[in-house]
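# Commentary on secondary and tertiary structure
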Amino acid sequence: MKAARLDAMEQYILQNGQVSIEQLQERFGISINTLRRDLTELEQRGHVGKIYGGVTARSPASLLTMPQRFQINLPAKQRIGELAATVIPDNATVYIDSGSTTRNVVQYLGGRRSLTLISHSMAVLNAATALKEITLISPGGIYNASIGAFVGLSTLETIRSLRVQIAVMAATGVTIEHGLSNTTYFEAEVKRVVTANCQRIVLMADHTKFGRDALISYCPLERVNTVVTDRPLAPQYMDFCQDHHIQVLC
């Protein structure tokens, strides 16, 4: 419990840049003494630092390496991956998005038969090589180390030509008003093309992604068919999902 809270708190600080003590207490529902102990441990990790009245990110999330991002809130991401795998049947053509959460679905697809997996994420492609009975497709392009994925015009053209049944997507932010959003232009373009041309969208997003906007919106929330997350959604999101017949797995 404590380890998961520390990971979630670190991610929240890195994504928001600077937060107050009051914000953290309200967000995580802990006492001031517990929060002080947590912040001392987080400061020792080296990514956040204490300031008067709050805490600030020493390394913004956008500057963290992909291996570092993969480790943030990892237990929750693994649970989300296991749940997301339950909606992927045999014989499906599946696009798996880049991001620190989506690659966790791959390890739970070992029992599927005759899958076609498509991804521009290096981490997803590497993990998928261990699976049997799959066809693995990379759309190619120019490798961008900061996001751990291939991007570019050739990437977009290849994806447009593919018929994807299920798109397993990630998002930096999720809101009712602006839908799914991302911080990087070229990556957002890939996500936009995928979600516009697939039959079903499965969103993998832990609880820290809801209620926050990133720079570029790429898909309305009502286009999503299944949301897979690690905690119950806030009432306004549950109401929205029910009204738009969106399945929620938690």
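Here, the structure is the one placed above.
All of the points below concern the structure found in this document. (Residues numbered from 1 in each chain as written. Predicted model: local features only at pLDDT ≥ 70, side-chain atom pairs only at ≥ 80, totals over all residues. Heavy atoms only, no water.)

### Points about the sheet that holds strand 10 (residues 173–175)
Where we set the bar: Here, a strand pair is defined by DSSP locating no fewer than two bridges between the strands. Going along the chain from the N terminus, every DSSP run of H or I of four or more residues is numbered as a helix, and every run of E of two or more is numbered as a strand. A fitted line through C-alpha atoms represents every axis, and for helices the fit uses only the stretch in contact; the resulting angles, taken between N-to-C directions, go from 0 to 180 degrees.
Pairing within the open sheet is antiparallel, and its three strands lie in the order 10-11-13. The sheet is open, and its two edges are formed by strand 10 and strand 13 (216–219), each paired on a single side. In this sheet, neighbouring strand axes are inclined to one another by 35° on average, regardless of whether the strands run parallel or antiparallel. Taken together, the three bridges between strand 10 and strand 11 (residues 179–182) define a ladder with antiparallel strand orientation.

### What to know about the environment of Leu162
We apply this condition: Only protein chains enter the area calculation, which uses a 1.4 Å probe; residues under 20% of their type maximum are buried, those over 50% are exposed, and those in between are partly exposed.
Position of Leu162 among the secondary structure elements: in the loop between helix 7 (153–160) and strand 9 (164–169). Judged by relative accessible area, Leu162 falls into the buried class, the value being 18%. As for Leu162 and Cys198, which are separated by 36 residues in sequence, their C-alpha atoms are 9.0 Å apart.

### Here we look at helix 7
The condition is simple: Think of the arc as the fan of directions from the helix axis to the C-beta atoms. Contact between two residues is taken to exist if any of their heavy atoms lie within 4.5 Å; hydrogens are not considered.
Where helix 7 is concerned, the buried positions are Thr155, Leu156 and Ile159. Considered in projection along helix 7, the buried side chains sweep an arc of 95° and stay on one side of the axis. Opposite the buried face of helix 7, at more than 90 degrees from it, the exposed residues are Leu153 and Glu157. Buried residues belonging to helix 7 abut strand 4 (93–96), strand 8 (149–151) and helix 8 (185–196).

### Some details on the environment of Pro75
Relative to the helices and strands, Pro75 resides in helix 5 (residues 74–85). Pro75 sits 68 residues away from Asp7 along the chain, and the two C-alpha atoms are 9.1 Å apart.

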